[in-house]
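Working through the structure, step by step
One letter stands for each residue in the lines below.
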Amino acid sequence: MVKDTLRRWLAERFDLEQIKGPLQAQIEKPLPKNVSWFHTFGSMSLFLFVSQVLTGILLLVYYRPTPGEAFESVKFIMTKATMGWLYRQIHAWGANLMVIIVFLHMLRTFVTGSYKKPRELTWVFGVMLFILTLVFGFTGYLLPWNQLAYWATTVGTEVAGAIPGAGEWIKTLLRGGESVSGETLSRFFVVHVIVLPWAVFFIVLFHLVLVRFQGIATLEPVGQEKKPKPGEGIPFFPHHVTKEGMVFYLLLGLLVTLAILAPFELGEKADPLQTPFAIKPEWYFLPMYQVIKYFPKLVGIFIVSLAPLFLFIWPFIDRSKERHPLKRPVAMTIGILVVLSLLVLGMMGYLSESKKTCPV
Amino acid sequence: MISRIFLVSLALFSGSSFAWAEAPQGNSCVTCHLDLWEEMKTSVHSQQGIYCNSCHGGDPAQTTKELAKAPGTGYVGIPDKKQLVETCGACHANVEVMNFYGVRTDQLARYKTSHHGKKLFGEGDTRVAGCSDCHGYHDVVAVSDPASPVYPLNVPKTCDHCHGNEKLMSRYHLPSDAFKLYQTSVHGKALFEKKDLSVAHCASCHGSHGAVPPGVKEIGATCGKCHVNEKKYFLESVHAQPMQQGKFSECVSCHGNHGVQHADKRLYREACVKCHEAGSTAAKKGGEIFEVLKKSDEELRSAEKLVRRASIEGIFVEEEMGALEEAKTNVISMAPLQHSLSIEKISELYQKFEGVARDIQTRVLRKRQALRWRKISLVPLWIFVGIMIVALGVQYRRLKKDHEGKGPRG
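Within every chain, residues take consecutive numbers counted from 1 along the sequence as written. Just so you know, chain letters begin at A and ligand numbers begin at 1, following the order they were written in. Per-residue local features of the predicted model are confined to residues with pLDDT of at least 70, and side-chain atom pairs are confined, for both listing and counting, to 80 or more; whole-chain, interface and lining totals are unaffected and use all residues. Side-chain descriptors were evaluated using all non-hydrogen atoms of the structure, hydrogens and water having been removed beforehand.

Take the overall build of chain A next. When you go through chain A residue by residue, the secondary structure sums to 13 helices and two strands. We take the radius of gyration over the C-alpha atoms and set the globule estimate at 2.2 Å times the residue count to the 0.38 power. Its C-alpha atoms give chain A a radius of gyration of 23 Å, near enough to 21 Å, the size a compact globule of 360 residues would have. Projecting the C-alpha coordinates of chain A onto the three principal axes gives extents of approximately 65 × 55 × 45 Å. Looking at chain A residue by residue over its 360 residues, the buried ones come to 42%. Between two residues, a contact is recorded if the distance between any of their heavy atoms is within 4.5 Å. Nonlocal contacts in chain A, meaning residues at least 24 apart in sequence, comprise 80% of its contacts between residues at least 6 apart. In these tables, accessible area is a Shrake-Rupley quantity obtained with a 1.4 Å probe, and a residue counts as shielded only by the protein chains included in the view. Surface exposure of chain A reaches about 20000 Å², of which carbon and sulfur atoms provide 73%. For chain A, the separation between the mean place of its 34 positive charges and that of its 23 negative charges on side chains is 6 Å. Runs of H or I in DSSP of at least four residues are treated as helices and runs of E of at least two as strands, each being numbered from the N terminus. Throughout, exposure labels follow a simple rule: accessible area from a 1.4 Å probe, protein chains only, divided by the maximum for the residue type, with under 20% read as buried, over 50% as exposed, and the rest as partly exposed. Positive residues here are Lys and Arg, negative ones are Asp and Glu, while His and the chain termini are left out of the count. By convention, charge coordinates are those of NZ in Lys, CZ in Arg, CG in Asp, or CD in Glu.

Turning to the side chain of Ser148 of chain B, a few remarks are in order. All names here are of chain B. Summarising the element assignment, Ser148 is placed in the loop between helix H10 (131-135) and helix H11 (155-163). What makes Ser148 buried here is its relative accessible area of 1%. In contact with Ser148, not counting residues within four places along its chain, are Val141, Ala142, Val143 and Asn154.

Turning next to the packing of helix H11 (residues 286-294) of chain A against helix H13 (residues 329-351) of chain A. The relative placement of two packed helices is expressed as an angle between their axes plus a distance between the axes. Residue and element names in this part refer to chain A. Axis lines are fitted through C-alpha atoms, for helices just across the contact stretch, and the angle between N-to-C directions can take any value from 0 to 180 degrees. Following both chains from N to C, one finds H11 and H13 inclined at 80°, their axes separated by 7 Å at the closest point. Here H13 runs roughly perpendicular to H11, going by the angle between their axes. Each of Leu286, Pro287, Tyr289, Gln290, Val291 and Tyr294 in H11 lies in contact with H13, whose residues at this interface are Leu342, Leu345, Gly346, Met348, Gly349 and Tyr350. Classifying every residue of the contact of H11 with H13 by side-chain character gives nine nonpolar, three polar and no charged. Convention used here: angles under 35 degrees read as roughly parallel, angles over 145 as roughly antiparallel, angles from 65 to 115 as roughly perpendicular, and any remaining angle as oblique. Put simply, Ala, Val, Leu, Ile, Met, Phe, Trp, Tyr, Cys and Pro go in the nonpolar bin, Asp, Glu, Lys and Arg in the charged bin, and everything else, Gly too, in the polar bin.

It is common to give the size of an interface as the accessible area that goes away when the parts come together. Between chain B and chain A, the contact holds 23 residues from the first and 25 residues from the second. Accessible-area loss on putting two parts together, using a 1.4 Å probe and summing over both, is the definition of buried area adopted here. Three residues stand out in chain B for area buried against chain A, namely Phe316, Tyr396 and His403 of chain B, and they jointly supply 27% of the buried area on that side. Salt bridges are identified by distance alone: a Lys or Arg side-chain nitrogen within 4 Å of an Asp or Glu carboxyl oxygen. Put simply, chain B and chain A have two salt bridges between them. Here Glu318 of chain B ties to Lys75 of chain A by a salt bridge, and the two come within 2.4 Å at their closest N and O atoms. Polar contacts, as counted here, are pairs of nitrogen or oxygen atoms within 3.5 Å of one another; within protein the pair requires one atom able to donate a hydrogen and one able to accept it, and residues that are adjacent in sequence qualify only if both atoms are side-chain atoms. Counting across the interface, chain B meets chain A through four residue pairs in polar contact (both at pLDDT 80 or more). Elements with a contribution of two residues or more to the side of chain B that touches chain A: helix H23 (318-337) and helix H24 (343-406) of chain B. For the side of chain B that touches chain A, the element with the highest residue contribution is H24 of chain B, accounting for 17 residues. Residues that form the side of chain B that touches chain A fall into these classes: twelve nonpolar, five polar and six charged.

All right, on to a nonpolar patch on the surface then. Residue and element names in this part refer to chain A. Two distance rules govern patches: like charges are joined within 9 Å, and nonpolar side chains (Val, Leu, Ile, Met, Phe, Trp, Tyr) within 5 Å, applied only to residues with over 30% relative accessible area and no salt bridge. Side chains of Val190, Ile194, Val195, Trp198, Phe201, Phe202, Leu205, Phe206, Val209 and Phe213 sit close together on the surface and give an oily, nonpolar patch of about 1000 Å² of accessible area. With respect to the element layout, Val195 can be found in helix H9 (residues 182-214). Among the residues examined, Val195 registers a relative accessible area of 45% and is labelled partly exposed.

All names here are of chain A. Interaxial distance between helix H5 (residues 84-111) and helix H10 (residues 236-261) falls to 9 Å at its minimum, and their mutual angle equals 115°. With respect to their mutual orientation, H5 and H10 come out roughly perpendicular. The hand of the H5/H10 crossing is right-handed. Each of Trp85, Leu86, Gln89, Ile90, Trp93, Gly94 and Leu97 in H5 lies in contact with H10, whose residues at this interface are Leu254, Leu255, Val256, Leu258, Ala259 and Ile260. Broken down by class, the residue content of the contact of H5 with H10 amounts to eleven nonpolar, two polar and no charged. Each crossing gets its handedness from the near helix: less than a right angle anticlockwise from the far helix is left-handed, clockwise is right-handed.

On to the packing of aromatic side chains. In summary, the pairing rule links any two rings of Phe, Tyr or Trp, Trp by its six-membered ring, whose centres are within 6.5 Å, and it sorts them by plane angle into stacked for under 30 degrees, edge-to-face for over 60 and tilted for everything else. For the structure shown, the criterion picks out 26 aromatic pairs over all chains. Each residue in the set Phe138, Phe188, Trp283, Tyr284 and Phe285 of chain A is aromatic and connected to the rest through ring pairs, giving one cluster. By definition, being over a ring means that NZ of Lys or CZ of Arg is both within 6 Å of the ring centre and within 35 degrees of the ring normal. Over the ring of Phe236 of chain A we find Arg212 of chain A; its NZ or CZ atom is 4.4 Å from the centre of that ring. One residue, Lys112 of chain B, lies across the ring of Phe121 of chain B, its end atom 5.4 Å from the ring centre.

So, about the pattern of salt bridges. Summed over all chains, the structure comprises 30 salt bridges over all chains. Across the salt bridge formed by Lys80 of chain A and Glu319 of chain B, the nearest N and O atoms sit 2.7 Å from each other. Taken as a pair, Lys80 of chain A in the loop between helix H4 (70-79) and H5 and Glu319 of chain B in helix H23 lie in two separate chains rather than in one. With relative accessibility at 48%, the residue Lys80 of chain A sits in the partly exposed group. Overall, Glu319 of chain B belongs to the partly exposed group, its relative accessible area being 42%. Here Lys81 of chain B makes a salt bridge to Asp133 of chain B, at a shortest N to O gap of 2.8 Å. Placement of Lys81 of chain B in helix H6 (residues 81-92) and of Asp133 of chain B in helix H10 is noted, with a sequence separation of 52 residues between them. Taken together, the shared-partner salt bridges connect Lys80 of chain A together with Glu319, Glu320, Asp359, Arg363 and Lys367 of chain B into one network.

So, in structure tokens, the structure goes:
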């Protein structure tokens, strides 16, 4: 009854038949047969982004971005606000899971050679999203204004300050002064809650438009891709969406479980006069942190800054037509080496300056 | 040698004058007694230009020993103890001289009222302590200098030079174990182990220049200099009257003197029965106070343990920690209050403490319960997630089967 009334109301105002066609085509657009569970990493990333926005809005209700109130307001959220502990923990865990899931999504794209012509731009937007996810983490980490956050930000911005030429300017721009202070908190807050969400929103939009427009890549070589005929492949709706629904519930359960069983501690309030022992960046920056240690400051920063550059230009370097991972031995070897070195460097960074040692 | 080079370098590089005096020019005392000058040059006196002749007389301007010590030069040589005390007093009791150094000038007057002074000036007993026995002579340094024998940390050992000498003390019918007892006391441990210079040592109770043993009536005043509240509440107690009549030695009767230990509630079991019969009303009252104190200690420890454990479990307990401080304050306040021996007042404070302790316990348990419920809520959550995944999975399989059955179109 309501449905019919609504349809009638809309039909009196819009040419529904004209809209229905392309919409139906998009909804039923068949996905190639090689679409697997690994292809749900993209929608998982999107789900986590939406979760971050929603929990972020709830946090904004009580959060106060000043050095005098930030720590206390987060503590208030965790102890007094109704279900505050839950949405704060989901936000914190969501941030960490998002880095993992976005990375896995990129890895899947790399392994299946989906970044190749004609989808180079989709990859470039994807790399942008991965970098912005890390920037999200870096800016959000400071907001609770606790000791670890304060000093990790001090070290992070100090690294930026070592860039030749513009380093000092970048450092001052990030900090808003000589040291990490209320100005820094204010800047990081604005970037975290205004600039980054909208930037990610629009880039995700471009990324999705390109994915829908160009379709999901098959494993056939460049130029020999066969578009699935109607009735062939897997329909996006309801088939693939049902699959994503299962992943959605799994991720929801995982987020809430982590929030309850492994909550992030708030620690101590930031004290600019007291440096805690062994300050380290968040786990996803540990490989970079470890690389910087092996080289003189400038060389280290140069090497670290090459990584995103390579990610951006990779589709333009790897011009071979093959997509199947077994037919791309060089690219796959490079990929495996990169993943292994990230894991080893990350582990070394984690164990450094601590009493923990690698089990032999 | 190395340390001297280091000190000289330090003096040169710091650009400040070093803490020893230069040898006086044309001083014939120093020419012959160079070894004594070595002792004296770091002293507080030589740094102020007070040399040998100020105490020993003589004329240091003369070039020969005979002329320097000739009659008319006021040469004293080695002064006897009485002379020594008066020589020191000549300057140290002179307001005009000492005014500029900010040093008090009543030492000699006080000394004369002390047992040491009375023996020396009244009976001519030179075995008693004079100025140099405590302060040293040629190498006298400021009291604030840690090297001084009368620096707070060194006072007990300095006194023990004589007061630990059994043979000497037996002449005066005094005990010679004061230092040994003091070392094991709560004061001695604080001084020697924690280096707490504010803690009571010999001079804090007996006085320094005017040293006398406090009498029965003065004990309370002596201890009360630091233990102000204990003194205040004691005067409200039933013991105040016998103390004023000289029948009861305040503080010492229960706590002892040189060997005073950390006050423990068990004193009620040990000290009361020294004067009161076991089972008497007074001893029972002591027992009641003991029970209240015991309960407070146990409940405080249990509350502390609960809060600590909750903190380890990741529960926010900042407010409870604040309340714990309030509870602790109540228990600490019982320490001086118990000297009033008023079970009513102590019970009143205990009830305040008990209320806070119970509140802490309730709040921590409530938070812990909430945490448990969060974990329990995971069970229905995963049942829901499981149902949804299974339902969607069944639907997905059905859709896939239907789709495969249809086959490609066109």
